Amino acid sequence: MPTHTIRIWDLPTRLFHWLLAASVVALVVTAKVGGNAMVWHFRLGYVVLALLAFRLVWGLVGGRWSRFASFVPTPARLLNYLRGNPRPQDKAGHNPLGALSVLALLGVTAAQVSSGLFTDDEIAFSGPLTRFVSGEVVSQFTTYHKEVGQYLLLGLVALHLLAIVFYALVRKERIVRPMVQGDKQLPEAVPPSLDSLATRALAIALAGACAALAWWVSSLGG
């Protein structure tokens, strides 16, 4: 059967994906080490904040298959996929189940980073926004960040990795390689994602703005 080589994941999306994955791993490590490593834990938290802000904007203006409009499933599309009636587009970007997984990961990661901005270990480190809320609210955010959020995130990451293994071994679909190279081999032609010098320049500008936003948030601690 002939296949079509289609650019699915633009370079900014791929860089976001791998930078976020590396940052989450480093956040877990620094949190477990504690002590002076917490300095880097906070810095990495700001990196993830910038990455998430970038992904939110890129989900509106980025490459076709990186846009939320292309992969957030409607109930009908999800039901058809579960019934074994996928559309050709479901093999291009995120399928409906994969889309739900991505949205859950982004949501839980955002909640973890946001709660970290309000945490206080009552020893040496506190988030930059703790001074804007009451001690009770800080305590609630700290409890969520340390005792709930991190385990939700780790659980979703584990499910994500298991899904990659399942698709590789059972469905014989390569998920990781396209997120490295950008292209997918598809049985039917679909519109590609735009991945030009102009779109990459736009991504650089947006990334700079998001980094500035994260720096500003970090400066609110005084």
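Residues numbered from 1 in each chain as written. Predicted model: local features only at pLDDT ≥ 70, side-chain atom pairs only at ≥ 80, totals over all residues. Heavy atoms only, no water.

Draft legend 1. Representation of the environment of V102. Secondary-structure assignment places V102 in helix 5 (residues 96–116). Spatially, the C-alpha atom of V102 lies 9.4 Å from that of L156, the residues being 54 residues apart in sequence. Look past the residues within four positions of V102 in its chain and what remains in contact with it is F71 and H94. (Helix = DSSP H or I, 4+ residues; strand = E, 2+ residues; numbered from the N terminus. Contact = heavy atoms within 4.5 Å.)

Draft legend 2. Summary view of the environment of K91. With respect to the helices and strands, the residue K91 is situated in the loop between helix 4 (75–82) and helix 5. Owing to a relative accessible area of 41%, K91 belongs among the partly exposed residues under this scheme. Linking K91 and E188, residues 97 residues apart in sequence, is a C-alpha distance of 9.2 Å. (Buried < 20%, exposed > 50% of the residue type's maximum accessible area, 1.4 Å probe, protein only.)

Draft legend 3. Fine view of unusual backbone geometry. Its identity is not glycine, yet K172 carries a phi of approximately 55 degrees, on the positive side. Here K172 shows up in the loop between helix 6 (135–169) and helix 7 (176–181).

Draft legend 4. Fine view of the nonpolar core. Counting residues in hydrophobic clusters, the biggest one holds 34 residues, and the most contacted among them are F16, L20, V48, F54, L106 and L117. Elements supplying a minimum of two residues to this core: helix 1 (11–33), helix 2 (37–61), helix 3 (68–71), helix 5 and helix 8 (197–219). Here this core gets twelve residues from one element, more than from any other, and that element is helix 2. Residue contacts for V48: discarding those within four places in its chain leaves L20, S23, L27, T109 and V113. I6, I8, W9 and W65 belong to the second-largest nonpolar core, a separate cluster that totals eight residues. (Core = buried A, V, L, I, M, F, W, Y, C linked by side-chain atoms within 4.5 Å.)

Draft legend 5. How the structure looks around the packing of helix 1 against helix 2. Between helix 1 and helix 2, whose axes approach to 9 Å, the crossing angle comes to 155 degrees. Here helix 2 runs roughly antiparallel to helix 1, going by the angle between their axes. In terms of crossing hand, the pair formed by helix 1 and helix 2 is left-handed. Among the residues making up the contact of helix 1 with helix 2, the classes are represented as 18 nonpolar, five polar and one charged. (Axes fitted to C-alpha atoms, helices over the stretch in contact; angles between N-to-C directions. Parallel < 35°, antiparallel > 145°, perpendicular 65-115°, else oblique. Left-handed = near helix turned anticlockwise from the far one by under 90°. Nonpolar A, V, L, I, M, F, W, Y, C, P; charged D, E, K, R; others polar.)

Draft legend 6. Structural detail: the packing of aromatic side chains. On inspection of all chains with the given rule, the structure shows five aromatic pairs. Note on F42 and F125: the rings are 6.1 Å apart at their centroids and 25 degrees apart in plane angle, and the pair reads as stacked. With F42 in helix 2 and F125 in the loop between helix 5 and helix 6, this residue pair connects regions lying 83 residues apart in the sequence. On the basis of relative accessible area, F125 is assigned to the partly exposed category, the value being 22%. On the numbers, 5.7 Å between centres and 65 degrees between planes, the contact of F68 with F71 is edge-to-face. You can see F68 and its partner F71 sitting in helix 3, three residues apart, about one turn around the helix. One cation-aromatic arrangement involves R43 over W40; the distance from NZ or CZ to the ring centre is 4.7 Å. Above the face of the W65 ring, R64 is positioned so that its terminal group lies 5.3 Å from the ring centre. (Phe/Tyr/Trp six-rings, centres within 6.5 Å; stacked < 30°, edge-to-face > 60°. Lys NZ or Arg CZ within 6 Å of the ring centre and 35° of its normal.)

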